[in-house]
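Here is how the chains run, residue by residue.
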Amino acid sequence: MKGFWEQSWSTVDLNRVSAYIGNSGFPPDPVMEYLKSRQVKTVCDAGCGCGAYALRLAVNGFQVSGFDISSAAADMARKLLESKGIYSADFRAADVLATGYADGQFDAVVSRDVIDHMPLRDGIAAVRELCRITKDGGTVVLTLDRTDEEYEREPHTVNGDGDYLFSDGKWKGMVFHPYSEEQIPLLVQGGVVKRLEVDSEGFLLFLSKA
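For the structure given in this document, a descriptive report is provided here. Each residue is numbered by its place in its chain's sequence as written, counting from 1. Only residues with pLDDT of 70 or above have their local features reported here, since the model is predicted, and side-chain atom pairs are shown and tallied only from 80 upward, although totals for entire chains, interfaces and linings are computed over all residues. With hydrogens and water stripped out, all remaining heavy atoms of the structure feed into the side-chain values.

## Details of the sheet that holds strand β7 (residues 164-166)
Turning to step 1, where the next piece is worked out: DSSP-based pairing: two strands are paired if at least 2 bridges between them are found. The secondary structure listing takes helices from DSSP runs of H or I that are at least 4 residues long and strands from runs of E that are at least 2 residues long, numbered from the N terminus. Spatially, β6-β7-β8 is the arrangement adopted by the 3 strands of the open sheet, whose pairing is antiparallel. Taken across any chain shown, the strands that pair with only one partner, and hence form the sheet edges, are β6 (156-158) and β8 (175-176).
Turning to step 2, where the next piece is worked out: Pairing of β7 with β8 involves 2 bridges; the strand directions are antiparallel. Paired with Tyr164 across the bridge in β8 is Phe176.

Given below as structure tokens:
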């Protein structure tokens, strides 16, 4: 799985990403509004990718750290924020199952479309790890994709846990687990779900750490 993401991010052109993002106003989205309502200051972007969302968090006043399983992605995120004049953000290459951060290091953790790209059992363990690095009373925000025509069309097998294992084509080596509302409680053991939104894109979970 790591090999798939390392290869994917190593082909991305930072200049194109930066040009695409531009210098927009980066208005806060519902996640950021929720974090602000809880007086969140420090945020970890778990699975930060190229850093686009970390940049948006930083512009909206959050102190940002981030990590990605791909070292190419983590390096790109750092360079992206520096290109916009933000030098305080910390990025590292790390596995979401073992981030290396201290217990309770962050007010909040945001993980967008990451947990659903892991086997179910690893996803459950990953949420535990994200809760570990979040302060007591802090917030963990997860977004999960729904399956769609493209996920179903690309060559894959499905194991006993319902994980899609892509065996060929452009997603060869990738894993995807389509979550249902009935499976959400598997992810949130040890946390209390304060808010759950379901839209056409998928699930948006706000967890409050006990």
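Okay, back to it.
## Quick word on the side chain of Asp163
Turning to step 1, where the next piece is worked out: Note that Asp163 resides in the loop between β6 and β7.
Turning to step 2, where the next piece is worked out: Look at Asp163: it is buried, it has no salt bridge, and the nearest opposite charge is Arg121 at 6.9 Å.
Turning to step 3, where the next piece is worked out: At 2.7 Å, the side chain of Asp163 forms a polar contact with the side chain of His177.
Turning to step 4, where the next piece is worked out: Contacts of Asp163, omitting those with residues within four sequence positions, involve Met118, Pro119, Leu120, Thr157, Val158, Val175, Phe176 and His177. The rule is simple: take the accessible area with a 1.4 Å probe, protein chains only, and divide by the maximum for that residue type; under 20% is buried, over 50% is exposed, in between is partly exposed. The convention is simple: Lys and Arg are positive, Asp and Glu are negative, and His and the chain ends are not counted. One side-chain nitrogen of Lys or Arg within 4 Å of one carboxyl oxygen of Asp or Glu is enough to make a salt bridge. Within 3.5 Å is the distance limit for a polar contact, defined as a pair of N or O atoms, with the added protein rule that one can donate a hydrogen and the other accept it, and that residues adjacent in sequence qualify only through two side-chain atoms. Whether two residues touch is decided by their heavy atoms; if any such pair falls within 4.5 Å, the residues are in contact.

## Quick word on the pairing of strand β5 (residues 134-145)
Turning to step 1, where the next piece is worked out: Counting buried residues in β5 gives 9 out of 12 residues, a clear majority hidden from the surface.
Turning to step 2, where the next piece is worked out: Pairing geometry for strand β4 (residues 106-112) and β5, over 6 bridges, is parallel. Bridge assignment links Ala108 to a residue of β5, and that residue is Thr139.
Turning to step 3, where the next piece is worked out: When the strands point away from the viewer, a crossover counts as right-handed if the route from the first strand across the helix to the second turns clockwise. Traced from β4 through helix α6 (residues 120-132) to β5, the parallel crossover comes out right-handed.
Turning to step 4, where the next piece is worked out: Bridge count between β5 and strand β10 (residues 202-209): 7 bridges; the pairing is antiparallel. Looking at the pairing, Leu144 lines up with Phe203 of β10.

## So, the packing of aromatic side chains
Turning to step 1, where the next piece is worked out: Each Phe, Tyr or Trp ring (for Trp, its six-membered ring) is paired with any other whose centre lies within 6.5 Å, and the angle between the two planes then decides the class: stacked below 30 degrees, edge-to-face above 60, tilted in between. Evaluated as defined, the whole model comprises 9 aromatic pairs.
Turning to step 2, where the next piece is worked out: Centroid distance Tyr34 to Phe206: 4.3 Å. Interplanar angle 65°. Geometry classified as edge-to-face. Of the two residues, Tyr34 sits in helix α3 (residues 30-37) while Phe206 sits in strand β10, which places them 172 residues apart along the sequence. Across the pair, exposure class does not vary: Tyr34 and Phe206 are buried alike.

## As for the nonpolar core
Turning to step 1, where the next piece is worked out: Residues Val31, Leu35, Val43, Leu57, Phe62 and Leu81 are the most contacted members of the largest nonpolar core, which totals 32 residues.
Turning to step 2, where the next piece is worked out: Beyond its immediate chain neighbours, meaning those up to four positions away, Phe62 contacts Met32, Leu35, Lys36, Val40, Lys41, Val43 and Leu57.
Turning to step 3, where the next piece is worked out: Counting 27 residues, the second largest nonpolar core, distinct from the first, contains Ala46, Val96, Ile115 and Leu120. The criterion is simple. A nonpolar core is a set of buried Ala, Val, Leu, Ile, Met, Phe, Trp, Tyr and Cys residues joined through side-chain atoms within 4.5 Å.

## Observations regarding the side chain of Asp145
Turning to step 1, where the next piece is worked out: Relative to the helices and strands, Asp145 is located in strand β5.
Turning to step 2, where the next piece is worked out: Despite its burial, Asp145 pairs with no opposite charge; the closest candidate is Arg146, at 8.8 Å N-O.
Turning to step 3, where the next piece is worked out: Of the polar contacts made by the side chain of Asp145, one reaches the side chain of Tyr151; its length is 3.4 Å.

## Brief notes about the packing of helix α1 (residues 2-10) against helix α5 (residues 71-83)
Turning to step 1, where the next piece is worked out: An axis is simply a line fitted to the C-alpha atoms; with a helix, the fit covers only the stretch in contact. Between two such axes, the angle follows the N-to-C directions and lies from 0 to 180 degrees. Where α1 contacts α5, the two axes come as close as 7 Å, and the packing angle between them is 40°. Looking at the two axes, α1 sits oblique to α5. Facing Glu6, Trp9 and Ser10 of α1, the residues of α5 in contact are Ser71, Ala72, Ala73 and Met76.
Turning to step 2, where the next piece is worked out: Residues are grouped as follows: nonpolar covers Ala, Val, Leu, Ile, Met, Phe, Trp, Tyr, Cys and Pro; charged covers Asp, Glu, Lys and Arg; every other residue, Gly included, is treated as polar. Tallied by class, the residues present in the contact of α1 with α5 amount to 4 nonpolar, 2 polar and 1 charged. These descriptions rest on fixed angle ranges, namely under 35 degrees for roughly parallel, over 145 for roughly antiparallel, 65 to 115 for roughly perpendicular, and the rest for oblique.

## Re the pairing of strand β1 (residues 42-46)
Turning to step 1, where the next piece is worked out: In terms of residue burial, β1 counts as a mostly covered element, since 5 of its 5 residues are buried.
Turning to step 2, where the next piece is worked out: Residues of β1 alternate between two faces, with Thr42, Cys44 and Ala46 on one and Val43 and Asp45 on the opposite face, all of them buried.
Turning to step 3, where the next piece is worked out: Here β1 pairs with strand β2 (residues 63-68) via 5 bridges, running parallel. The residue of β2 that forms the bridge with Ala46 is Phe67.
Turning to step 4, where the next piece is worked out: One crossover worth recording links β1 to the parallel β2 by way of helix α4 (residues 52-59), and it is right-handed.
Turning to step 5, where the next piece is worked out: The pairing of β1 with β4 spans 3 bridges and is classified as parallel. Each residue of the ladder has a partner; that of Val43, found in β4, is Ala108.

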